[in-house]
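The lines below spell out each chain.
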Amino acid sequence: MKFISKQRKTAAAICAFLSIFGCAAAGNLYLPAHVEAAGYTVQEKNPVNLMPINRAKFLKGQRFDLQVEVKGVANNFKVTVDGVDAEKYFGKTGTVKTADGVTVYCISDVAFTKAGDVKVEAVADGKKNVANYTVTDAKAKKKAKNVILFVGDGMSLQAREMARILSKGLSDGKYNDLLNMEKMDHMAVITTSGYDSLVTDSANSASAYATGHKSVNNAMGVYANSTKDPFDDPKVENIIELVKRTKGMATGIVSTSNITDATPAAMLSHTRRRAEQNFIAETMTEDYHRPDVIMGGGSRHFIPMDTPGSKRKDNVNVVEKFQDLGYTFSGNRTELLNTPADEDKILGLYQLDNMNVYIDRAMLKNPKVLGGFNDQPGLVEMTERAIDTLSKNENGFFLMVEGACVDKQLHVMDWQRAAYDNIELDQAVGVAQKFAAENGNDTLIIVVADHAHGASITGTYHELDGKTGREAVRTYAAAGWPTFEDRDGDGYPDNPDPDVTLAVHFANHPDTNIDYKFKQVPTAPAIMAGDKAIANPNLKGEFAPGNIPYKESQEVHSADDVLLNAMGPGSEYFNGVMDNTEVFFGMVRALGIDGTKNAK
Amino acid sequence: MKNLLRSFLLSLLLLAAGMFTAADLPLKAVHCEPPFLCSRAEAAISMTFDEMYAGVSSLGITFSDKLKNAEGQTVQMAGFMAPPLTPTINFFVLTREPMSICPFCSTDADWPADIVVVQLTEPVVALPFDRPISVTGTLELGTEVDAETGFVSLVRIQAQSLEAL
């Protein structure tokens with residue numbers, strides 16, 4: 001009743017507002033008589049922090065930690081599940097820990113074993129919080145044997161369009177072709193927020209894909225408590241752990257970034273702090289979530305501290321640990337190609353840091369840019385090898401492939417390098433499609449971004465008539481068409497710097513200089529001068545004053561929704577507008593996972 | 001004399017940390033001699049970032065013979081000063097390019113592999129970040145962990161003099 005009266009009050013307020021401004025008739029547009037507006041209010045923080053949070057969804061049998069946190073010292077926690085004492089319900093005793101000004105009650109490693117709705121009530125210090133959960137055991141009618149998840153990091157709709165324009169071109173106003181990822185049966189719009197903020201980072205969003213649970217910025221595989229310890233937050237079981245435990249499937253992660261970076265790391269690890277990359281490297285060796293194939297950059301977190309180039313703070317040699325576990329290590333493309341075909345465990349680390357992007361690695365090959373890493377494999381080769389290796393497992397496989405540098409290059413406002421890496425990701429998607437077609441179409445393939453960037457195509461840019469800078473940005477009819485060409489048919493434009501290029505503008509950016517042209521050498525938009533970012537003096541062009549806080553030296557993520565494309569068994573799950581956590585449920589539904597199998 | 005130098009350096013800091021932009025600071029005129037008064041050694045070995053390493057691979061970087069042979073000797077290197085954690089510092093990081101990220105202040109930003117830690121006998125205020133500086137001092141090699149910050153370094157220069165170029 002209270003709800004309805006509030007709604008009426010809101011309606012009355014809107015009507016009053018509209019009347020005052022002489023447009024009362026428009027009121028019907030806001031509240032048509034036949035629509036029950038849902039109404040909502042700003043959410044207030046409950047002093048009893050109950051994790052998993054309200055509205056969380058679980059796969060039946062999915063393991064998790066239940067935590068209740070309150071400020072100060074407390075020991076009178078009372079937690080019930082559907083009215084039953086939680087310790088009795090789960091058959092486990094809880095622990096209490098006080099640290100950093102909060103007290104945390106925890107029941108570790110539990111699961112819901114029946115599908116349906118669950119209500120958890122937590123009372124501490126006389127204050128209460130209630131969470132309503134959903135537990136699902138939905139299984140697709142036609143099941144997938146394998147799942148390949150492609151994540152285009154930061155691959156907004158506009159980033160994909162840049163890749164499509166450059167890779168396929170247009171004639172007579174129509175695209176000559178679409179990207180591989182655009183030729184799939186099913187598509188959905190994905191919303192990307194975590195539970196802490198409208199805007200997500202890549203850890204938080206990848207965690208939603210990997211676990212089906214919301215998290216917070218910088219976190220993966222956990223809900224976030226308030227203690228400083230980045231490893232004591234309540235965990236939720238992720239996709240790699242689930243498919244290994246319940247089905248004995250093979251698993252793999254492939255990325256062009258540090259392989260311990262947010263997106264690949266979130267497929268298997270649990271930490272509140274994504275920067276714990278040395279921990280993440282080491283935890284990859286643990287059997288319960290150790291991928292069979294690991295390929296990417298970032299060896300600096302795997303080699304001991306005493307070795308120049310290492311970023312470790314100890315002398316643990318994680319490469320050797322993997323070798324002791326039977327993995328074949330490859331440090332460059334030649335070694336990867338020489339890895340015997342029957343090896344079923346591969347660790348490939350091809351750069352100390354992030355791998356170089358396609359333009360620098362495969363086209364320009366500037367020694368100063370590559371810094372000695374002249375023999376790196378590409379994402380397509382890594383994907384091929386990962387599929388070849390993982391598909392030997394009769395139980396099927398889960399593989400995550402990330403095109404990481406779409407994001408990293410959009411951050412530095414280098415849309416050309418981003419677009420070429422987006423094309424490379426699309427060619428890796430083509431490899432997966434070919435595998436699926438040749439192997440009984442029993443593979444679910446998903447291509448999705450994890451968040452967007454505010455890069456948009458305004459028109460074209462050229463200086464053929466002597467105009468420069470903003471006057472040379474061609475809008476509407478003057479834009480015409482860019483002059484990219486792919487004469488050799490490799491899918492990549494032959495020249496990233498044609499006479500007529502795209503005019504790409506960024507919705508947010510630091511102070512920088514803009515000249516719209518391709519940068520022969522990667523150049524950051526701004527540099528740090530004390531606590532402020534200033535335009536990089538090495539960049540030519542017109543000064544563009546920033547529109548984000550001065551401490552931000554790069555373009556930042558946008559909260560824009562992103563696209564998901566899917567094909568294969570289970571792909572019918574994806575349609576309409578979906579929350580990012582549903583990517584996980586689409587995958588486990590397709591595989592028909594019974595989360596209660598092989599529980600400890 | 002020391003106080004005079006300090007106040008000069010403080011005014012530099014205000015310029016550097018405050019409102020300066022790439023265009024309006026007359027840096028050519030700035031010549032920063034920090035308060036350790038050692039003049040630049042006559043026979044400093046000139047070292048560039050390109051000359052530090054003989055090779056790189058995923059399994060690590062190999063120091064060049066030139067770098068190894070210069071250990072314990074006076075070297076002179078040009079690079080950029082990464083913005084330090086606090087304006088008054090005992091060490092700073094010398095980089096090949098001006099830093100576009102701040103690893104001291106952002107958890108997901110990390111340093112490039114080829115950095116040199118410049119250690120100072122006395123705290124010094126910041127030099128410009130967007131123009132090259134020259135560092136002269138004694139070269140040290142090998143792993144060292146800074147007790148205060150936990151910062152791990154492999155190549156260090158115990159600075160005798162600093163200069164904005």
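All values derive from a computational prediction rather than experimental measurement.

Enquirer: Describe in detail the pairing of strand β2 (residues 53-57) of chain B, supporting the description with residues and values.
Expert: Residues and elements named next belong to chain B. Bridge count for β2 against strand β3 (residues 60-63) is four bridges, and the pairing is antiparallel. Of the residues in β3, the one forming a bridge with G55 is T62. Connecting β2 to the next strand, β3, in antiparallel fashion are two residues.

Enquirer: Pulling in residues and values, what's your account of empty space enclosed by the protein?
Expert: All names here are of chain B. Enumeration according to the criterion identifies one cavity of 30 Å³ or more in this entry. Taken as a whole, the largest cavity encloses approximately 50 Å³ of empty space. Lining the largest cavity are F91, V117, Q119, E144, V145, D146, F151, S153 and R156. Listing elements by their share of the lining of the largest cavity, those giving two or more residues are β6 (115-124), β7 (133-145) and β8 (152-164).

Enquirer: Quick rundown of the interface of chain B and chain A? Include the residues and the values.
Expert: Size of an interface, as often reported, equals the accessible area lost when the parts are brought together. With 31 residues of chain B at the contact, the number on the chain A side is 38 residues. In total, chain B and chain A occlude about 2,700 Å² of area from one another, counting both sides; carbon and sulfur atoms represent 61% of this. Summed over the shared surface of chain B and chain A, the result is one salt bridge. At the junction of chain B with chain A, the criterion picks out nine residue pairs in polar contact (both at pLDDT 80 or more). Elements with a minimum of two residues in the side of chain B that touches chain A: β2, β3, β7 and β8 of chain B. Take the side of chain B that touches chain A: its biggest share by element is three residues, from β3 of chain B. For the side of chain B that touches chain A, the per-class residue count stands at 18 nonpolar, eight polar and five charged.

Enquirer: Go over the sheet that holds strand β5 (residues 84-85) of chain A, please, and point to the residues and values.
Expert: Either a parallel or an antiparallel arrangement is found when strands of a sheet pair, and the pairing is made through backbone hydrogen bonds. Residue and element names in this part refer to chain A. The five strands are arranged β2-β9-β8-β4-β5 in an open sheet whose pairing can be described as mixed. The open sheet has two edge strands with one neighbour each: β2 (57-59) and β5. Here strand β4 (residues 78-81) runs beside strand β8 (residues 116-124); their pairing, made up of four bridges, is antiparallel. Residue pairing for β8: V79 is matched across the bridge by A122.

Enquirer: Can you tell me about the layout of surface pockets, naming the residues and giving the values?
Expert: Residue and element names in this part refer to chain A. Roughly 1,100 Å³ of volume is contained in the second largest pocket. Every residue lining the second largest pocket is counted, 29 residues in all, and those nearest its centre are Q43, I53, N54, R55 and Y195. By residue number, the principal contributor to the lining of the second largest pocket is strand β9 (residues 127-136), which donates three residues. Of the residues contributing to the lining of the second largest pocket, the split by class is 10 nonpolar, 10 polar and nine charged.

Enquirer: Quick rundown of the packing of aromatic side chains? Include the residues and the values.
Expert: Residue and element names in this part refer to chain A. The tally for this structure, following the rule as stated, stands at 24 aromatic pairs over all chains. Relative to F64, the ring of F58 lies with its centre 4.8 Å away and its plane at 50°, an arrangement referred to as tilted. The burial state of F58 is the same as that of F64; both residues are buried. For the ring pair F77 and Y105, a centre distance of 5.4 Å and an interplane angle of 15° mean the geometry is stacked. Placement of the pair is F77 in the loop between β3 (64-71) and β4 and Y105 in strand β7 (residues 102-110), with a sequence separation of 28 residues.

Enquirer: Residue-level account of helix α17 (residues 582-591) of chain A, with values.
Expert: Residues and elements named next belong to chain A. Counted residue by residue, α17 has 10 buried out of 10 residues, so it is predominantly covered. For α17, the full list of buried residues reads E582, V583, F584, F585, G586, M587, V588, R589, A590 and L591. G592 sits one or two residues past α17 and shows a positive phi near 65°.

How each quantity is defined
Residues numbered from 1 in each chain as written. Chains lettered and ligands numbered in written order. Predicted model: local features only at pLDDT ≥ 70, side-chain atom pairs only at ≥ 80, totals over all residues. Heavy atoms only, no water. Pairing = 2+ DSSP bridges. Helix = DSSP H or I, 4+ residues; strand = E, 2+ residues; numbered from the N terminus. 1 Å grid on protein atoms, 1.4 Å probe; cavity = no way out; pocket = protein on both sides within 12 Å on 5 of 7 lines; lining within 4 Å. Points joined across faces, edges and corners; volume = space filled by probe spheres on them. Contact = heavy atoms within 4.5 Å. Buried area = accessible area lost by both parts, 1.4 Å probe. Salt bridge = Lys/Arg side-chain N within 4 Å of Asp/Glu carboxyl O. Polar contact = N/O pair within 3.5 Å; in protein donor to acceptor, adjacent residues only side chain to side chain. Nonpolar A, V, L, I, M, F, W, Y, C, P; charged D, E, K, R; others polar. Phe/Tyr/Trp six-rings, centres within 6.5 Å; stacked < 30°, edge-to-face > 60°. Buried < 20%, exposed > 50% of the residue type's maximum accessible area, 1.4 Å probe, protein only.

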